[in-house]
Amino acid sequence: MKENKANKKGRKLLWGTVIITMILSFMFFYVLYCSNNKYMTREEKAIHGLLYADGSYESFPVYYLSREWEYYPDALLTPEDDLDKYYFRYISIGEYGGMELGNSGRSPYGSGTYRLKIMLPAEQHTYGLYLPEIFSAYNLYVDGVLVGQMGNPDPDHYVERTQNRMFTFKANTSLEILIAVTDKSSASPGIQSVPVFGNPLKINTIRGIAVFINSSVFTLIILILAFSVWAFFKTRSRENVLFAGVCLCGLGYTCYPLLHTYLALRVQPWFSYLALGEPGLFYFLTFPAMLLLEYEITGQKYKWMAWGVLATAVAGLGVTLAGIFAGGMETAALSYGISAATEVLKWFTAVCLVLTAFFYTEGMQGISLLTGTVIYAVSLAADRIWSLYDPIIGGWFPEWGGIILTGIFGMFLWRELTEGYRMRLIYEEQSRQMELRLLMQKEHYEKLTDALEEASRTRHDFRQYIRTASILLEQEQEPALSKPF
């Protein structure tokens, strides 16, 4: 009876943990969505390809150019072209996964031109335009002048290159931004990250904070990885080597934005190995690594767990290869299939992690593990619910969830390592105390032995004295008794 009550109480605690964690996690990600999102900032947004940027230059805000660009599909245009002769539509950045504009029967690859006009104060000032990675080659024109180029977007002489770039120029009253893009092979053709316009100093400050945070996380992962490897060689624990594997995968896709900050790279092979999301191999390998680590920590050895790890590993590799071979396909059907398979893989991993943690009943340790896995699952759900999310500073929703879950894994392992180190210190102290006791007992034994030997000699001398005295008394030589022997 008491066991049934305890089981019911434990189940209520688990369900309560799941529900409360889900509510708080959704609140946290919603706050991020509203306060750290380039799509949700308070400054004016473009309407029908026109943005009114009001205010003095000193108080000029940073504009995130996320809404209603004029988009000319299947056209690589220049300012000399008569734009009125070309078909265009208004799109938001990131609204579509490629240049197919939501039509899976069209190819997501090819050429396209983005145009935006900005109304400015009358005085001439220096402005900056920050362009995150654009796939995979483009020409940037400002007021009809070519101010920047990445790769070569000319289809006949196509050269793919991607890099995060900052361009500065002088303007007054108004300016026209024209970005002509060509892509033939990437998983995210065109402009998928929101450009930023404004005072160059303010833009570079925001960029600097983002790069600092990313570099700090990258450095921290390196240190944790090195510590995990050291702990493995000290303890020969499988948990430490699996945790090192998780860190290595995180290191693989964390370095991706840093590389694009400093280097102009080809899409392949860098995007297929290092990108966060499809088809980043290191990102997908994180899923089976996390599952293996959780199974090792919980000690639950079920066959379905092994099959789950194998399925996520094979699926991740398959999605990566499919993303590589999807480049240049005539339709977007394969790209849509890859996106669907990616979502299934993410949710399958999240469900396996949550179920494993739910049935791991080890007090607060189990509650902590369940909390981390639920946060990670909610981060995947938030990524689908609020899909138009481009963080100003920090990472995407799955990155936040992955970091929290990895931190809980690390807390478990390091607590065990700390406990083992503490037990080792206790053992060493007990050994030292035992040696001291043995030494004291040895000294006491030696003293006792000396005392026994001294008593034995005394008894021997006393017997000799008695025997001699007896002989002298028998010989009636009493005066000799007063003489020392």
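Provided above is the structure to which this section pertains.
Residues numbered from 1 in each chain as written. Predicted model: local features only at pLDDT ≥ 70, side-chain atom pairs only at ≥ 80, totals over all residues. Heavy atoms only, no water.

Asker: Sorry if this is basic, but what is going on with the overall build of the chain here?
Answerer: Helix and strand counts for the chain come out as 9 helices and 13 strands. Scored against the burial criterion, the 485 residues of the chain give a buried share of 45%. A separation of at least 24 residues holds for 74% of the contacts in the chain among residues at least 6 apart in sequence. As displayed, the chain has an accessible area near 25,600 Å², and 62% of this comes from carbon and sulfur atoms. (Helix = DSSP H or I, 4+ residues; strand = E, 2+ residues; numbered from the N terminus. Buried < 20%, exposed > 50% of the residue type's maximum accessible area, 1.4 Å probe, protein only. Contact = heavy atoms within 4.5 Å. Areas by Shrake-Rupley, 256 points an atom, 1.4 Å probe, with all protein chains shown as cover.)

Asker: Even after reading the chapter, I still don't get a negative patch on the surface, so can you show me in this structure?
Answerer: Residues E443, E446, D450 and E453 make up a contiguous surface patch of negative charge. Along the chain, E443 falls in helix α9 (residues 397-474). (Patch = residues over 30% accessible without salt bridge, like charges linked within 9 Å, V, L, I, M, F, W, Y side chains within 5 Å. Salt bridge = Lys/Arg side-chain N within 4 Å of Asp/Glu carboxyl O. Lys, Arg positive; Asp, Glu negative; His and termini not counted. Charge placed at Lys NZ, Arg CZ, Asp CG, Glu CD.)

Asker: Hey, could you run me through the pattern of salt bridges in this one?
Answerer: Any two side chains of opposite charge can pair, so long as their charged atoms come close to each other. Here the structure, examined in full by the defined rule, presents 9 salt bridges. Close ionic contact of E296 with R238 constitutes a salt bridge, the shortest N to O distance being 3.7 Å. Separated by 58 residues along the polypeptide, E296 in helix α5 (residues 281-298) and R238 in helix α3 (residues 238-262) bring together distant segments of the chain. Notably, a salt bridge pairs R384 with D383, separated by 3.5 Å at the nearest N-O pair. A relative accessible area of 44% means that R384 is categorised as partly exposed.

Asker: What is the right way to look at the sheet that holds strand β6 (residues 125-131) in this model?
Answerer: Strand pairs in the sheet, formed through backbone hydrogen bonds, run parallel or antiparallel to each other. Strand order in this open sheet of 4 strands is β2-β13-β6-β10, and the pairing throughout is antiparallel. Edge strands, defined here as strands with exactly one partner in the open sheet, are β2 (63-64) and β10 (165-171). In the packing of helix α2 (residues 200-235) onto the sheet, the strands contacted are β2, β6, β10 and β13 (196-198), and the crossing angle to β6 comes to about 30°. (Pairing = 2+ DSSP bridges. Axes fitted to C-alpha atoms, helices over the stretch in contact; angles between N-to-C directions.)

Asker: I'm lost on the side chain of N36 in this one. Help?
Answerer: Mapped onto the elements of the fold, N36 is located in the loop between α1 (2-35) and β1 (50-52). Accessibility expressed as a relative area gives 11% for N36, which makes it buried. Sequence-distant contacts of N36, that is, excluding residues within four places in its chain, are made with V31, Y389, D390, P391, I392 and I393.

Asker: I tried to follow the packing of α5 against helix α7 (residues 333-358) on my own but got confused; where do I start?
Answerer: The angle between the axes and the distance between the axes are what describe a pair of packed helices. It is at 10 Å that the axes of α5 and α7 come closest, and there the two elements cross at 10°. Considering the angle they form, α5 stands roughly parallel to α7. Along the contact surface, α5 presents Y283, F284, F287, M290, L291, E294, Y295 and T298, while α7 presents T342, L345, K346, T349, C352, L353, T356 and A357. (Parallel < 35°, antiparallel > 145°, perpendicular 65-115°, else oblique.)

Asker: Please explain the side chain of Q192 as it appears in this structure.
Answerer: Checked against the element boundaries, Q192 lands in the loop between β12 (190-191) and β13. Of note is the side chain of Q192, whose polar atom sits 3.2 Å from the backbone oxygen of Y96. Among all residues touching Q192, those that are not within four sequence positions of it are I93, G94, Y96, G97 and G98. (Polar contact = N/O pair within 3.5 Å; in protein donor to acceptor, adjacent residues only side chain to side chain.)

Asker: I'm lost on the packing of α2 against α3 in this one. Help?
Answerer: In the contact formed by α2 and α3, the axes pass within 9 Å of each other and the chain directions differ by 155°. Overall, the two elements α2 and α3 adopt an arrangement that is roughly antiparallel. Handedness of the α2/α3 crossing: left-handed. Classifying every residue of the contact of α2 with α3 by side-chain character gives 20 nonpolar, 8 polar and 1 charged. (Left-handed = near helix turned anticlockwise from the far one by under 90°. Nonpolar A, V, L, I, M, F, W, Y, C, P; charged D, E, K, R; others polar.)

Asker: When you look at α3 in this model, what are you seeing that I'm missing?
Answerer: Structurally, the α-helix is built with 3.6 residues per turn, so residues lying three or four positions apart point the same way. With 25 residues, α3 extends 36 Å between its outermost C-alpha atoms, agreeing within 8% with the 36 Å of an ideal straight helix rising 1.5 Å per residue. Largest kink in α3: about 30°, centred on Y256, with the proline P257 one to four residues after it. (Expected span 1.5 Å × (residues − 1). Bend = angle between axes of the 7 residues up to and from the residue.)

Asker: So what exactly am I meant to see when it comes to the state of the cysteines here?
Answerer: Working definition: the covalent bond between the sulfur atoms of two cysteines is a disulfide. In this structure the tally under the stated criterion is 0 disulfides. The closest cysteine sulfur to the non-disulfide-bonded C247 is located on C249, 9.3 Å from its own sulfur. (Disulfide = S-S within 2.5 Å.)

Asker: How should a nonpolar patch on the surface be read in this particular structure?
Answerer: Nonpolar side chains collect at one region of the surface, where W15, I19, I20, I23, L24 and M27 lie side by side and expose about 650 Å² of accessible area between them. Judged by relative accessible area, which is 47%, I19 ranks as partly exposed.

Asker: Would you mind going over α5 with me for this structure?
Answerer: Relative to the 26 Å expected for 18 residues at 1.5 Å per residue, α5 spans 26 Å between its end C-alpha atoms, a close match to the ideal helical length. For α5, the buried fraction is high: 15 of the 18 residues fall into the buried class. One or two positions beyond α5, positive phi appears at G299, with a value near 75°.

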